[in-house]
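The primary structure of each chain is shown beneath.
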Amino acid sequence: MNYSANYTDENGIVHAVSISEGDSIEALRNDSEVIKHKFDPRYVQIEEVRAASGEAMHFKVTVNAPSHYLSSPNDVSPKECNSMTADVICYIGYPLIAVKVFYSPNHYLASPNVFRSGHACIDEWRVFKSSLVTVVDKIVHDMIHDPNVTLYSSPANSDMILWHKDGVAHGRFPTISPKLLYAREYVSLPTRNTVNKTTKTLPPLPTRRR
């Protein structure tokens, strides 16, 4: 079975692209290996758990660093904690089909980027730019309240904007240096899966190793 999506290139031209189920699974395997080795395990733990029906892969991503959580949809008083965990779910058809991220609804990240339901906003999914790697990068930064990933202009939870900005202004956020999140060999590397803006042809989709 093939999965299809549209890709808009740097000239605004829309192209139809597709990927087979086998190549989708291999793309997931490749990117899952990246996230399992990209981060410093003292601060970031990546655990693959059994995928439920309809899921291709399911991960629990935990950041062991000071953070804050909310305990219900109506909660507006962030509470301190020493770690946060999110579920990251991938589907067959990846990387053409978006990854989803959610927290427990009674212990979800206090962030402008997280809806009151506990689901995280991962930004618009862009073929050839978005990936499991870019999503995990964003959520681990969000868990330490790094303002570089905070979208104040279009928040998922507007009640957290002033609180978050105040934390940044007073030097409380991010709660640890973002560099500590990464394994040493990744600290100075550019973000993976970034498309070169000078590319004039379609970037290839991930294919199976031979």
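Note that this is a predicted model, so its numbers are computed, not measured. (Residues numbered from 1 in each chain as written. Predicted model: local features only at pLDDT ≥ 70, side-chain atom pairs only at ≥ 80, totals over all residues. Heavy atoms only, no water.)

Q: Mind showing me how you'd approach the overall build of the chain here?
A: Of the regular secondary structure elements, the chain holds 3 helices and 9 strands. Within the span of the chain, comprising 210 residues, buried residues form 44% of the whole. Element-wise, carbon and sulfur atoms account for 51% of the exposed surface of the chain, whose accessible area totals about 11200 Å². (Helix = DSSP H or I, 4+ residues; strand = E, 2+ residues; numbered from the N terminus. Buried < 20%, exposed > 50% of the residue type's maximum accessible area, 1.4 Å probe, protein only. Areas by Shrake-Rupley, 256 points an atom, 1.4 Å probe, with all protein chains shown as cover.)

Q: Explain the environment of Pro155 here, please?
A: Within the element layout of this structure, Pro155 appears in the loop between helix 2 (132-143) and helix 3 (161-169). Pro155 sits 43 residues away from Pro112 along the chain, and the two C-alpha atoms are 5.1 Å apart. In contact with Pro155, not counting residues within four places along its chain, are Pro112 and Ile161. (Contact = heavy atoms within 4.5 Å.)

Q: It is not clear to me how helix 2 should be interpreted in this structure. Could you clarify?
A: Helical periodicity: at 3.6 residues per turn, an α-helix aligns residues three or four positions apart in one direction. Over its 12 residues, helix 2 runs 17 Å from end to end, which matches the ideal 16 Å to within 8%, given 1.5 Å per residue. Of all 12 residues in helix 2, 11 are buried, a share of seventy percent or more. Measuring from the side-chain oxygen of the N-cap residue of helix 2 to the backbone nitrogen of Val133 gives 3.2 Å; that N-cap residue is Ser131. Just downstream of helix 2 lies His145, where phi reads positive at about 60 degrees. (Expected span 1.5 Å × (residues − 1). Polar contact = N/O pair within 3.5 Å; in protein donor to acceptor, adjacent residues only side chain to side chain.)

Q: Even after reading the chapter, I still don't get helix 1 (residues 21-38), so can you show me in this structure?
A: For helix 1, which comprises 18 residues, the first-to-last C-alpha distance of 26 Å matches the rise-based estimate of 26 Å (1.5 Å per residue) to within 8%. All of the buried residues along helix 1 are Asp23, Ser24, Glu26, Ala27, Leu28, Asn30, Asp31, Ser32, Val34, Ile35 and Lys38. Buried residues in helix 1 make contact with strand 2 (14-20), strand 3 (44-49), strand 4 (57-63), strand 7 (84-90) and helix 2.

Q: Looking at this structure, I do not really get the pairing of strand 5 (residues 67-70). What am I missing?
A: When a strand is regular, its side chains alternate between the sheet's two faces. By the alternation rule, side chains of strand 5 split into Ser67 and Tyr69 and His68 and Leu70, which are all buried. Bridge count for strand 5 against strand 9 (residues 108-109) is 2 bridges, and the pairing is antiparallel. Paired with Leu70 across the strands is Tyr108, a residue of strand 9. (Pairing = 2+ DSSP bridges.)

Q: What's the story with the confidence of the model for the chain in this structure? I'm lost.
A: Reading fine detail from the predicted coordinates is not recommended where pLDDT is low. Residue-level pLDDT values for the chain average 91, and 89% of them are 70 or greater. Across residues 190-202 the pLDDT falls below 50, and counting only partners more than four positions away or on other chains, this stretch makes 19 contacts in the model. (pLDDT = per-residue confidence, 0-100.)

Q: Explanation requested: the pattern of salt bridges in the structure shown.
A: It is possible for side chains bearing opposite charge to pair when their charged atoms get close. Per the counting criterion, the structure on display carries 10 salt bridges. The partner of Arg42 in a salt bridge is Asp40, with the nearest N and O atoms 2.7 Å apart. Under the relative-accessibility criterion, Arg42 is labelled exposed at 61%. Under the relative-accessibility criterion, Asp40 is labelled buried at 10%. Two residues, Asp166 and Arg172, come together in a salt bridge whose shortest N-O distance is 2.7 Å. (Salt bridge = Lys/Arg side-chain N within 4 Å of Asp/Glu carboxyl O.)

Q: It is not clear to me how unusual backbone geometry should be interpreted in this structure. Could you clarify?
A: As a rule of thumb, non-glycine residues mostly have phi less than zero, and peptide bonds are mostly trans rather than cis. Following Tyr94, the chain continues into Pro95 via a peptide bond in cis, with omega recorded as 5 degrees. Within the element layout of this structure, Pro95 appears in the loop between strand 7 and strand 8 (100-102). The phi dihedral of Asp123 is positive, around 80 degrees, even though this residue is not glycine. Within the secondary structure layout, Asp123 lies in the loop between strand 9 and helix 2. Backbone geometry at His145 places phi at a positive 60 degrees, although glycine is not the residue there. Mapping His145 onto the fold places it in the loop between helix 2 and helix 3.

Q: Sorry if this is basic, but what is going on with the sheet that holds strand 7 here?
A: Think of a sheet as strands paired side by side through backbone hydrogen bonds, with each pair either parallel or antiparallel. One open sheet accounts for 4 strands, arranged 3-4-7-8; its pairing is antiparallel. Because the sheet does not close on itself, it has two edges, and the strands there are strand 3 and strand 8. Within this sheet the neighbouring strands show an average axis-to-axis angle of 25 degrees, counted without direction. Examined bridge by bridge, strand 4 and strand 7 share 7 bridges and lie antiparallel to one another. Residue pairing for strand 7: Phe59 is matched across the bridge by Val88. In this fold helix 1 packs onto strand 3, strand 4 and strand 7, with an angle of close to 15 degrees to the strand it touches most, strand 4. (Axes fitted to C-alpha atoms, helices over the stretch in contact; angles between N-to-C directions.)

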